[in-house]
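# Structural features, examined
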Amino acid sequence: MTDKTAATVNYLLDNAPQAIKQRGRGLVANFLRYHNNRWVYDVGGYIVRIKVPKISVITQRQLTDRQLDRLKKIKNRDLMVSCPCKFWRWNGPDFNADQDGYSERSFSNLSEPVERDPQHENLICKHVYAALKQFSEDYPRIE
Ligand SMILES: [Zn+2]
């Protein structure tokens with residue numbers, strides 16, 4: 001696939017900075033609701049939205065059964081995510097998500113956080129880390 005603007009669950013979880021992972025492990029993500037390909041979690045009072053686009057009919061036709069089975073595993077699936085916290089807004093994630101195509105929605109003016117995230121390492125915040133962890137446990141496969 002040539003879709004360069006996307007990120008998988010595993011990519012975001014694996015590449016989150018250590019400090020984010022540690023803080024995220026201490027948080028509980030509570031599932032709130034599902035609507036229109038969006039799963040919504042409450043993490044410490046912040047509403048984390050996870051959007052998983054459906055696999056298009058065209059894509060399904062192009063893939064072998066094995067490829068399609070792999071794609072249905074949530075860890076391999078492209079998704080979009082957002083969090084309304086200040087860290088997400090100003091410390092990199094909002095900007096990085098927009099640049100890399102995994103932004104569910106933007107909360108900032110998308111100016112580059114030159115000082116707070118000069119290396120573009122802050123892919124996600126601790127709330128999104130906790131939500132994605134819980135999400136991948138709750139929904140290991142999505143059709
Ligand atoms: Zn957050």
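Once that is clear, we can look at the overall build of the protein. Across its full length, the protein carries seven helices and four strands. In the protein, the order of α-helices and β-strands from amino to carboxyl end is α-α-β-β-β-α-α-β-α-α-α. Whereas a compact globule of 143 residues would reach a radius of gyration of roughly 15 Å, the protein reaches 15 Å, a difference of no more than 12%. Counting only C-alpha atoms and orienting by the principal axes, one finds that the protein spans roughly 45 × 30 × 25 Å. For the protein, with 143 residues in total, the buried portion stands at 30%.

Let us look at the nonpolar core. Within the largest apolar cluster, 30 residues are counted, with the highest numbers of intra-cluster contacts made by Val48, Ile124, Cys125, Val128 and Ala131. Per-element tally for this core: the top contributor is helix H7 (residues 126-138), with six residues. If sequence neighbours within four positions are ignored, Val128 has contacts with Val48, Val81 and Cys83.

A separate point is the environment of Pro84. Structurally, Pro84 is set in the loop between strand S4 (80-82) and helix H5 (86-90). Overall, the presence of 16 C-beta atoms within 10 Å leaves Pro84 in the partly exposed class. For Pro84 and Tyr129, which are 45 residues apart along the polypeptide, the C-alpha to C-alpha distance reads 14 Å. Here Pro84 is in contact with Tyr46, Ile47 and Phe107, once residues within four sequence places are set aside.

H7 packs onto helix H2 (residues 18-25) with a crossing angle of 60° between their chain directions and a minimal axis gap of 8 Å. Crossing handedness for the pair H2 and H7: right-handed. Where H2 approaches H7, its residues Ile20, Lys21, Arg23 and Gly24 are matched on the opposing element by Lys126, Tyr129 and Ala130. Partitioned by chemical class, the residues of the contact of H2 with H7 number three nonpolar, one polar and three charged.

Moving on, we get to unusual backbone geometry. Backbone geometry places Asn36, a non-glycine residue, at a positive phi of 55°. The topology assignment puts Asn36 in the loop between strand S1 (29-35) and strand S2 (38-43). Within the chain, His120 stands out as a residue other than glycine whose phi angle is a positive 55°. A residue is classified by how many C-beta atoms lie within 10 Å of it, and His120, with 14 of them, is partly exposed.

This part takes up the pairing of S2. Of the two faces of S2, only the one carrying Trp39, Tyr41 and Val43 is buried; Arg38, Val40 and Asp42 on the other face are not. Here S1 folds back onto S2 in antiparallel fashion, the turn holding two residues, of which Asn36 has a positive phi close to 55°. Inspection of the sheet shows S2 paired to strand S3 (residues 46-51) by six bridges, in the antiparallel sense. Note on S3: the bridge partner recorded for Asp42 is Ile47. Taking the residues between adjacent antiparallel strands as the criterion, S2 and S3 are bridged by two residues, where Gly44 takes a positive phi near 60°.

Criteria and cut-off values
Residues numbered from 1 in each chain as written. Predicted model: local features only at pLDDT ≥ 70, side-chain atom pairs only at ≥ 80, totals over all residues. Helix = DSSP H or I, 4+ residues; strand = E, 2+ residues; numbered from the N terminus. Rg over C-alpha atoms; globule rule 2.2 N^0.38 Å. Buried ≥ 20, exposed ≤ 12 C-beta atoms within 10 Å, placed from the backbone. Core = buried A, V, L, I, M, F, W, Y, C linked by C-beta atoms within 7 Å. Contact = placed C-beta atoms within 7 Å. Axes fitted to C-alpha atoms, helices over the stretch in contact; angles between N-to-C directions. Left-handed = near helix turned anticlockwise from the far one by under 90°. Nonpolar A, V, L, I, M, F, W, Y, C, P; charged D, E, K, R; others polar. Pairing = 2+ DSSP bridges.

Scope: geometric values only; no functional claims are made or implied.
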